[in-house]
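Close look at the chain arrangement
The lines below spell out each chain.
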Amino acid sequence: MSPDLHHLSGAHAVDALDRDERDGFEQHLAACAACRAEVGELTDAAHSLGALTEATPSAELRSAVLAGITRVRPLPPLVTDERADEPPAVVTPGVPTVGEAAATGTGARVIPLFRRTSTWLVAAAAAAVVAVGGVAWSPWSGDQPPLTAIQQVERAQDAATVTSHKGATTATLAYSRQMDQSAITVTGMPPAPDGKVYQLWYVGSDEIARSAGFLTPADGRGQAVLDGQIDGAAAVGVTVEPAGGSTAPTTTPILVMAVA
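First, a word on scope: everything that follows refers to the structure included in this document. Only a predicted model underlies this, so the values are computations on that prediction, with no experimental measurement involved. (Residues numbered from 1 in each chain as written. Predicted model: local features only at pLDDT ≥ 70, side-chain atom pairs only at ≥ 80, totals over all residues. Heavy atoms only, no water.)

**Overview of the sheet that holds strand β8 (residues 233-242)**
Cut-off, in case you're wondering: Two strands form a pair only when DSSP identifies at least two bridges running between them. By the criteria applied, helices consist of DSSP H or I runs no shorter than four residues and strands consist of E runs no shorter than two, each listed in order from the N terminus. Between N-to-C directions, angles cover 0 to 180 degrees, with each direction set by a line fitted to C-alpha atoms, over the stretch in contact for helices.
Reading across from one edge, β6-β5-β8-β9 is the order of the four strands in this open sheet, with antiparallel pairing throughout. In the strand order of this sheet, the two ends are held by β6 (209-215) and β9 (255-258), each with one partner. Adjacent strand axes in the sheet meet at a mean angle of 25° when their direction is disregarded. Here strand β5 (residues 196-204) pairs with β6 via five bridges, running antiparallel. Directly across from Trp-201, in β6, lies its bridge partner Ser-211.

Below, the structure written as structure tokens:
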């Protein structure tokens, strides 16, 4: 038989052959067990499609979606830093963490720390992927309470996140270039030492650090929207500073996160 007849199984299953084609194909079926089996499977599948119906989501599904929507994000590939001249970087779900370096104690220029950071950023931009994507739509959008300032950043259309680990502390930075804002969430972070504060910094590719407010964890957890605009920033850092804060970092940063 012509091999072309083998290609008519699907059309026969949905009754899409004309009379001559159907007669020829049914003669072929009598001698071709493979086509008979395929037609049987496709016919069953076609019949089952007619049983599909629309269903209204249950209240439990709505609650589960709303509860998980701020926590579940697509994970990019894991990336490691294997440069021989620095210790291995901790692998994170977003961008690999930056190695620690000493910061100067005077002025706003932070040469040792952020010169290495800017060098790392070149490699990170080529090899790493940050999680991107805000919440665009939900069938229950009208029922949701007003978003907090942090949620507005996390759910922006262009929202991206970077996660960094330091010992038991995990920090996730969410940022939106469209909103020109960022927000940080930390877990497992102890209170600042007596007479000290955790200070946030925006650091540009020009190695200039500018204060972005403070982070005050309670029971190991803390959140803050960073002061100022993320525009021009290439990284966000956290340092321990004297009470009241500093005009420039005076200690080695405990967390550094590169932003794209």
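**Some points on the nonpolar core**
Quick reminder of the rule: The set of buried Ala, Val, Leu, Ile, Met, Phe, Trp, Tyr and Cys residues whose side-chain atoms join them within 4.5 Å is what this entry labels a nonpolar core. Burial status follows relative accessibility: with a 1.4 Å probe on protein chains alone, a residue under 20% of its type maximum counts as buried, one over 50% as exposed, and anything between as partly exposed. By definition, residues are in contact when any of their heavy atoms lie within 4.5 Å.
Formed by 23 residues in total, the largest nonpolar core has its most connected members in Leu-173, Ile-184, Leu-200, Leu-215 and Leu-226. Elements represented by at least two residues in this core include exactly β2 (160-166), β3 (169-176), β4 (181-187), β5, β6, β8 and β9. A per-element tally of this core places β8 first, with four residues. Setting aside residues no more than four positions away along its own chain, Leu-200 makes contact with Ile-184, Arg-210, Ser-211, Ala-212, Gly-213, Phe-214, Leu-215, Ala-224, Leu-226, Gly-237 and Val-238. Formed by eight residues, the second largest nonpolar core is a distinct cluster that contains Leu-8, Phe-25, Leu-29 and Val-39.

**Considerations on unusual backbone geometry**
Of note, Asp-180 is a non-glycine position whose phi angle comes to about 60°, a positive value. Note that Asp-180 resides in the loop between β3 and β4. Using a relative accessible area of 18% as the deciding quantity, one classes Asp-180 as buried. Phi angles above zero are rare outside glycine, and Glu-207 is one such case at about 70°. With respect to the secondary-structure elements, Glu-207 resides in the loop between β5 and β6. Judged by its relative accessible area of 10%, Glu-207 is buried.

**A few points about helix α2 (residues 19-29)**
Rules: Our arc is simply the arc of the directions from the helix axis toward the C-beta atoms. Polar contacts here mean pairs of N or O atoms no more than 3.5 Å apart (in protein, one a potential hydrogen donor and the other a potential acceptor; neighbouring residues in sequence count only if both atoms are side-chain atoms).
Within α2 the residues assigned to the buried category are Phe-25, His-28 and Leu-29. Projection of α2 onto a plane perpendicular to its axis shows the buried side chains occupying an angular sector of 100°, all on one side. Away from the buried face of α2 by more than 90 degrees, exposed residues Arg-19, Asp-20 and Gln-27 are located. Two or three places before Asp-20, at the opening of α2, Asp-18 has a side-chain oxygen 3.3 Å from that residue's backbone nitrogen.

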